[in-house]
Amino acid sequence: MAQQEHQLDRLKFCCSICLDLLKDPVTIPCGHSYCMNCIQSHWNREDEQRIHSCPQCRKTFTPRPVLVKNTMLAEIVEDLKKTGLQAAAADHCYAGPEDVACDVCTGRKLKANKSCLVCLASYCEKHLQPHYDAATFKKHRLVEPSKNLQENICSRHDEVMKMFCRTDQQSVCYLCSVEEHKGHDTVSAAAERTERQRELQESLQQILQRVQDREGDVKLLQQQVEAISRCADKSVEDSEKIFTKLIRLIQKRSSDVKQQVRSQQEAEVSRVKERQEELEQEITELKRKAAELEQLSHTEDHIHFLHNYRPLSALSESTHSSSINIRPLRYFEDVTAAVSELRDKLQDTLRQTWTNVSLTEVDVLLSEPEPQTRAGFLQYSCELTLDPNTAHRELKLSKGNRKVTRVKQQQPYSDHPDRFTEWRQVLSRESLTGRCYWEVEWRGGGGGSVAVAYKSISRAGSGNECGFGCNDKSWALDRYQNRYTFYHNNINTEVSVPPSFRVGVYLNHRAGILSFYSVSETMTLLHRVQTTFTEPLYAGLWIGLSSSCELCSVK
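Residues numbered from 1 in each chain as written. Predicted model: local features only at pLDDT ≥ 70, side-chain atom pairs only at ≥ 80, totals over all residues. Heavy atoms only, no water.

Identification of the chain as Tripartite motif-containing protein 16-like from Parambassis ranga is taken from an unreviewed UniProt entry.

See below:
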């Protein structure tokens, strides 16, 4: 701000002729000040006229005034230089290549502050001052600086164009209005401006209303975003709680199974060890008896032997079976099998449930209404071209691959896996997603079909898998003998509306809407399909004998 104030101060002490700080300033009788050399040079050029004028206010002086240095002003300028403001160049006030220059300035020109539609000239702030001060200029019309002032001049009569010809919708001068525009509806430019201004205000009000409506829509969308975020957050939170409970339940069941197995393990091991101890005790007893018998067998005293020997049958019988049946090692396989079965069932359940979750599509977009007028459809218009690699050899493409004609002579197309070999059909080069609209115009009486199809439609052969509308990969509106029939998956639907030579096709891929319209002065719905499209679509044409079809340019 301080720098701007300094620059403004500096401009007050600039010479309007050289546009630099005053040098040897002099003040002429009208009160304006100049460099002594600048005003002397200016008056020297006026000497022949014997009338000397002020370059700013145009006041004249006779005789030529005597110039005397303005001492006070010179001191002020010197002080201004000492402050360092001399270095603050006034380049920002000079006209650059993109600026409108003052038409009065000599040498390096200042930027224009206003343009005058009467003078057809542009003025800087100083040279503009007479338009504010002199009564002669009071009625002149000042506008923002303009480089196009010459556009207001009639090139034929070199007059200012103050009239407007409504018949030819162009600006004219007065002479034009009475000559070549004689008899036309001509009014003053001001009157036409008033009328156009009224229309502009109406358009502006419509735009502002549209802005207000759209701002309301934006607010609703923002609320929708917030609602979606809240629902998503709650869903994530609830899902995490459910999964946490599920994990805890599985952990609890795992702990129960572990505890159950360990308990059974402890019981079985205790029973086996008890049996093991009994057997070890029996072995010890048997070994003791065997040692006694061994010792008795070696005695030489027959009476001692007979007194102590006992038959083996007299031994106490064992309380356990003499043999132990060991089962195969399948002690806890049933538990493992049961847990494995549970795992498989849980995996199947999770897999099925996760598939359902993945296929659940949350529609977060607002409903998109179908356009009601042709202008509404045209905002979704797309420029389509036909793909030569798909065209049957009896179809001739022209007009930049936008027109196709059925011919008898086969075209020299190269072999390609995408080409229809039997059906006289062709697909567009461009895929169709989102919202699209295009128009098709027929010529000839041989009929044909307007269609859309998946790229995966079969190409080779004459079966239904290749024909538009004869399978589940294509949808076709057939035109034949002044009637329409819609085909899909080889099921036909008669259309009662009389056919026209131009058909409009509207596709909302995401919403699954496909509509066909008869295009004339109005849009007449022929047939609408509501389905689910699983792949990008391509526009298709089937051409009957002696017929041609063209993708119309509607932009």
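Additional details are given in the paragraphs that follow.
## Observations regarding the sheet that holds strand β7 (residues 142-143)
An order of β6-β5-β7 is seen for the 3 strands of this open sheet, with the pairing classed as antiparallel. Both outer strands of the open sheet, β6 (121-123) and β7, are each paired with one neighbouring strand and no more. Note: strand β5 (residues 114-116) against β6, 3 bridges, orientation antiparallel. Bridged to Lys114 within β6 is Tyr123. Helix α4 (residues 125-133) rests against β5, β6 and β7 of the sheet, and its axis sits at about 110° to β6. (Pairing = 2+ DSSP bridges. Helix = DSSP H or I, 4+ residues; strand = E, 2+ residues; numbered from the N terminus. Contact = heavy atoms within 4.5 Å. Axes fitted to C-alpha atoms, helices over the stretch in contact; angles between N-to-C directions.)

## Observations regarding unusual backbone geometry
Residues apart from glycine generally show negative phi values, whereas peptide bonds are mostly found in trans. With an omega dihedral of 0°, the bond running from Thr62 to Pro63 counts as a cis peptide bond. Among the secondary structure elements, Pro63 is positioned in the loop between β4 (60-61) and α3 (71-82). Positive phi, close to 50°, is recorded for Asp24, a residue that is not glycine. Although it is not a glycine, Lys399 adopts a positive phi angle of roughly 50°. By the element assignment, Lys399 lies in the loop between β11 (395-398) and β12 (403-406). In this structure Lys399 comes out as exposed when scored by relative accessible area, which is 52%. (Buried < 20%, exposed > 50% of the residue type's maximum accessible area, 1.4 Å probe, protein only.)

## Looking at the state of the cysteines
On inspection of all chains with the given rule, the structure shows 0 disulfides. Residue Cys38 stays outside any disulfide, its sulfur separated by 3.9 Å from that of Cys18, the closest cysteine. (Disulfide = S-S within 2.5 Å.)

## Regarding the confidence of the model for the chain
Mean pLDDT over the chain works out to 85, with 89% of the residues at or above the 70 mark. Note that pLDDT drops below 50 for residues 85-89; the model gives that stretch 9 contacts with residues more than four away or on any other chain. (pLDDT = per-residue confidence, 0-100.)

## Observations concerning helix α6 (residues 189-297)
Since one α-helical turn is 3.6 residues long, residues separated by three or four positions face the same way. Helix length check: α6 (109 residues) gives 154 Å between terminal C-alpha atoms against 162 Å at 1.5 Å per residue, within 8%. Inspection of α6 places Glu192, Val261, Arg275 and Leu296 among the buried residues, and these make up the whole buried set. (Expected span 1.5 Å × (residues − 1).)

## Here we look at a nonpolar patch on the surface
On the surface, Leu293, Phe305, Leu306 and Tyr309 cluster together into a nonpolar patch covering about 380 Å² of accessible area. With respect to the helices and strands, Tyr309 occurs in the loop between α7 (302-308) and α8 (333-359). (Patch = residues over 30% accessible without salt bridge, like charges linked within 9 Å, V, L, I, M, F, W, Y side chains within 5 Å. Areas by Shrake-Rupley, 256 points an atom, 1.4 Å probe, with all protein chains shown as cover. Salt bridge = Lys/Arg side-chain N within 4 Å of Asp/Glu carboxyl O.)

## Overview of the pairing of strand β23 (residues 548-551)
On any regular strand, side chains alternate: one points to one face of the sheet, the next to the other face. Strand direction decides the pairing type here: β12 and β23, joined by 3 bridges, are antiparallel. If you follow Val404 over to β23, its bridge partner there is Cys549. Looking at chain direction, strand β14 (residues 435-443) and β23 are connected through 4 bridges and run antiparallel. When the sheet's bridge partners are listed, Glu441 is paired in β23 with Glu550.

## Regarding the pattern of salt bridges
Evaluated as defined, the whole model comprises 28 salt bridges. Residue Arg166 is joined to Glu192 by a salt bridge in which the shortest nitrogen-to-oxygen separation is 2.6 Å. Placement of Arg166 in the loop between β8 (163-165) and β9 (170-172) and of Glu192 in helix α6 is noted, with a sequence separation of 26 residues between them. The class of Glu192 is buried, set by a relative accessible area of 6%. Of the charged contacts in the structure, one is a salt bridge between Asp256 and Arg253, with a shortest N-O distance of 3.6 Å. Placement of both Asp256 and Arg253 in helix α6 is noted, with a separation of 3 residues, approximately one turn of the helix. Connected via shared salt-bridge partners are Arg374, Glu439, Glu441, Arg443 and Arg502.

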